[in-house]
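Spelled out, the chains give:
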Amino acid sequence: MNTHIKSVELAKAYRLLNHGPTVLVSAKHQHEENVMSAAWACALELIPAKVSVVLDKSTKTRELVEKSGYFILQVPTLKQLKLVQQLGSISQFNDPEKLEHCHTPLFQFEGFDLPAVEGCAAWLICKLIPEPHNQQSHDLFIGQVVAAYADDRVFREGHWYYHEAPAEWKSLHHVAGGHYYTIGDAVDANLLE
């Protein structure tokens, strides 16, 4: 496994999503696994760490989350832009070999039988908190973060260090129609007079 991937204290796991990045959502049930892009994910609670993500009824990943009760939210980077766009544009219902056709590099964290995408800046492994009304009416899924990891080249000691990392490590922020922004310049309100 990549030696730059470090465990993140669960009380600080919310910081992995607090800046509003586009995420990759992965899930597995039995021998089926999938990864999709999602723009609507956020931190929900600090202790215990919880997140929310919108998963449309038409997605295979949603089906796998509902069956398995687990998912991973991952923070992809600029170097993964093509992969993020492909994973968000191709349905596994239409292309059963989607992950292979997109050349999706997967690995597993020890103790979790879930597909994780290599090369991301962060990973939040989540156990689904079933909320049938929210899931059916609003496509809103809530997960308790059971483990969190980040690449120490961009996140360490509970903080992002995008200002020190090359542009390829910056997070993606989807606008619409295949258009994204990357995270911007660092500014510090404590330095204002």
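Since we're looking at a predicted model, the values are computed, not measured. (Residues numbered from 1 in each chain as written. Predicted model: local features only at pLDDT ≥ 70, side-chain atom pairs only at ≥ 80, totals over all residues. Heavy atoms only, no water.)

Undergrad: Please clarify how the overall build of the protein chain should be interpreted in this entry.
TA: For the protein chain, the count of helices and strands is 4 helices and 14 strands. Computed over C-alpha atoms, the radius of gyration of the protein chain comes to 16 Å, within 12% of the 16 Å expected from 2.2 N^0.38 for 193 residues, which places it in the range of a compact globule. A total of 193 residues make up the protein chain; the buried ones form 45% of that total. Partitioning the intrachain contacts of the protein chain with sequence separation of at least 6 by distance along the chain shows that 67% fall at a separation of at least 24. Carbon and sulfur atoms provide 52% of the accessible area of the protein chain, an area that totals close to 10,000 Å². (Helix = DSSP H or I, 4+ residues; strand = E, 2+ residues; numbered from the N terminus. Rg over C-alpha atoms; globule rule 2.2 N^0.38 Å. Buried < 20%, exposed > 50% of the residue type's maximum accessible area, 1.4 Å probe, protein only. Contact = heavy atoms within 4.5 Å. Areas by Shrake-Rupley, 256 points an atom, 1.4 Å probe, with all protein chains shown as cover.)

Undergrad: What am I meant to see in the packing of aromatic side chains here?
TA: The description of two aromatic rings rests on the distance between their centres and on the angle between their planes. If you walk through the whole model with that rule in mind, you get 6 aromatic pairs. Both rings, one in F107 and one in W123, keep their centres 5.9 Å apart while their planes meet at 85°; by these two values the pair is edge-to-face. Here F107, found in strand β7 (residues 106–107), pairs with W123, found in strand β9 (residues 122–129); they are 16 residues apart in sequence, far enough to count as distant. Judged by centre distance (4.1 Å) and plane angle (10°), the rings of F109 and Y149 are stacked. Here F109 is found in the loop between β7 and β8 (116–117), whereas its partner Y149 is found in strand β10 (residues 140–151), with 40 residues between them in sequence. Under the relative-accessibility criterion, F109 is labelled buried at 3%. One aromatic cluster is present, formed by F107, F109, W123 and Y149 through successive ring pairs. Across the ring face of W169, the terminal group of K79 is positioned such that the distance to the ring centre comes to 3.2 Å. (Phe/Tyr/Trp six-rings, centres within 6.5 Å; stacked < 30°, edge-to-face > 60°. Lys NZ or Arg CZ within 6 Å of the ring centre and 35° of its normal.)

Undergrad: Before we go on, may I ask you to explain the pairing of strand β13 (residues 172–176) in this structure?
TA: It is a general feature of regular strands that their side chains alternate between the two faces of the sheet. Both β13 and strand β14 (residues 179–182) contribute to a ladder of 4 bridges, which runs antiparallel. Pairing of H173 across the sheet is with Y181, part of β14. What sits between the antiparallel neighbours β13 and β14 is a turn of 2 residues, in which G177 has the positive phi angle 55°. (Pairing = 2+ DSSP bridges.)

Undergrad: What exactly am I supposed to notice about the state of the cysteines here?
TA: Linking two cysteines covalently through their sulfur atoms gives a disulfide. Tallying each qualifying case throughout the model produces 0 disulfides. Note on C42: no disulfide assigned, nearest cysteine sulfur contributed by C126 at a separation of 12 Å. (Disulfide = S-S within 2.5 Å.)

Undergrad: How should I be thinking about unusual backbone geometry in this particular structure?
TA: It is generally the case that most residues other than glycine have a negative phi and that most peptide bonds are trans. P48 follows I47 through a cis peptide bond whose omega is -5°. Examined against the element boundaries, P48 turns out to sit in the loop between β4 (41–45) and β5 (50–54). Non-glycine residue Q30 carries a positive phi angle of around 55°. Mapped onto the fold, Q30 is located in the loop between β2 (23–29) and β3 (32–38). One non-glycine residue, D139, lies in positive phi territory at about 60°.

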